[in-house]
Amino acid sequence: MVAIKKGLMACLLWIVAATAWAGEDPEFINKQQQDEIINLAYTQMRASVEELEKKIDACELLIRNNTLSPVLFQTLSLTKQEARVTLKYFYSLAQHKCEGLELWAKVAIEFARFKYIERLYKGENIIKTENNFEIICCAGSRSRYEEQWQYLKIAPEVREQLERIPELMQPFDLVKTAEKMGLLETIEQR
């Protein structure tokens, strides 16, 4: 009797599990439902991209309206090359901080999810998107790492002083600042 009850319980659990899993299988969702799910994923991805675009525009406005003073580095023993490296490093850091790593990550995840869902239901990615995952994920990564690598070559005690300068932590216009500091021509050549 106990064996029969266990067998019935096992069958019942299998039926419940199979029913639950059936809802996740693309074959059990009709074409209209699949299209609605793809549209939902696309809409969420587009909303995240639009949010990021607004944030980038807001940061760009902050950048245009802020030029650092040429006296900022006068008390530090920086060579011209170190000053250029410092400006590029902190420009990139402040811009990245302003835009927000979390928002970039959200866009990357929503983009990947949309592409996955569309491919799952349609067998391929049909909807053309103006962005691709590599650009969303990794745009500027090479230059950021190169800037950080160059910045880390500056003496630790000087970096410590630089990192305490609040103006460097805010978005600023790199070209106008470099021009005011007499560093523009070298930045443009790079």
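Worth saying up front: this structure is predicted, and the values here are computed from it rather than measured. (Residues numbered from 1 in each chain as written. Predicted model: local features only at pLDDT ≥ 70, side-chain atom pairs only at ≥ 80, totals over all residues. Heavy atoms only, no water.)

What follows covers the packing of aromatic side chains. Summed over the entire model, instances satisfying the criterion amount to five aromatic pairs. When the centroid spacing of 5.1 Å and the interplanar angle of 80° are considered together, the rings of Tyr89 and Phe90 count as edge-to-face. For Tyr89, a relative accessible area of 14% corresponds to the buried category. Take Phe90: its relative accessible area is 0%, and that puts it in the buried class. With a centroid separation of 5.4 Å and an interplanar angle of 85°, the aromatic rings of Phe90 and Tyr151 are classed as edge-to-face. Residue Phe90 is found in helix α3 (residues 80-99), and its partner Tyr151 is found in helix α6 (residues 141-151); the two are separated by 61 residues along the sequence. As far as burial versus exposure is concerned, Phe90 and Tyr151 are alike and both buried. An aromatic cluster of three or more residues is present, and its members are Tyr89, Phe90 and Tyr151. Positioned above the aromatic ring of Trp149 is the side chain of Lys153, whose terminal nitrogen or guanidinium carbon lies 3.6 Å from the ring centre. (Phe/Tyr/Trp six-rings, centres within 6.5 Å; stacked < 30°, edge-to-face > 60°. Buried < 20%, exposed > 50% of the residue type's maximum accessible area, 1.4 Å probe, protein only. Helix = DSSP H or I, 4+ residues; strand = E, 2+ residues; numbered from the N terminus. Lys NZ or Arg CZ within 6 Å of the ring centre and 35° of its normal.)

The subject of this paragraph is the pattern of salt bridges. Counted according to the given criterion, the structure contains six salt bridges. The partner of Arg164 in a salt bridge is Glu160, with the nearest N and O atoms 3.9 Å apart. For Arg164, a relative accessible area of 57% translates into the label exposed. The class of Glu160 is partly exposed, set by a relative accessible area of 48%. (Salt bridge = Lys/Arg side-chain N within 4 Å of Asp/Glu carboxyl O.)

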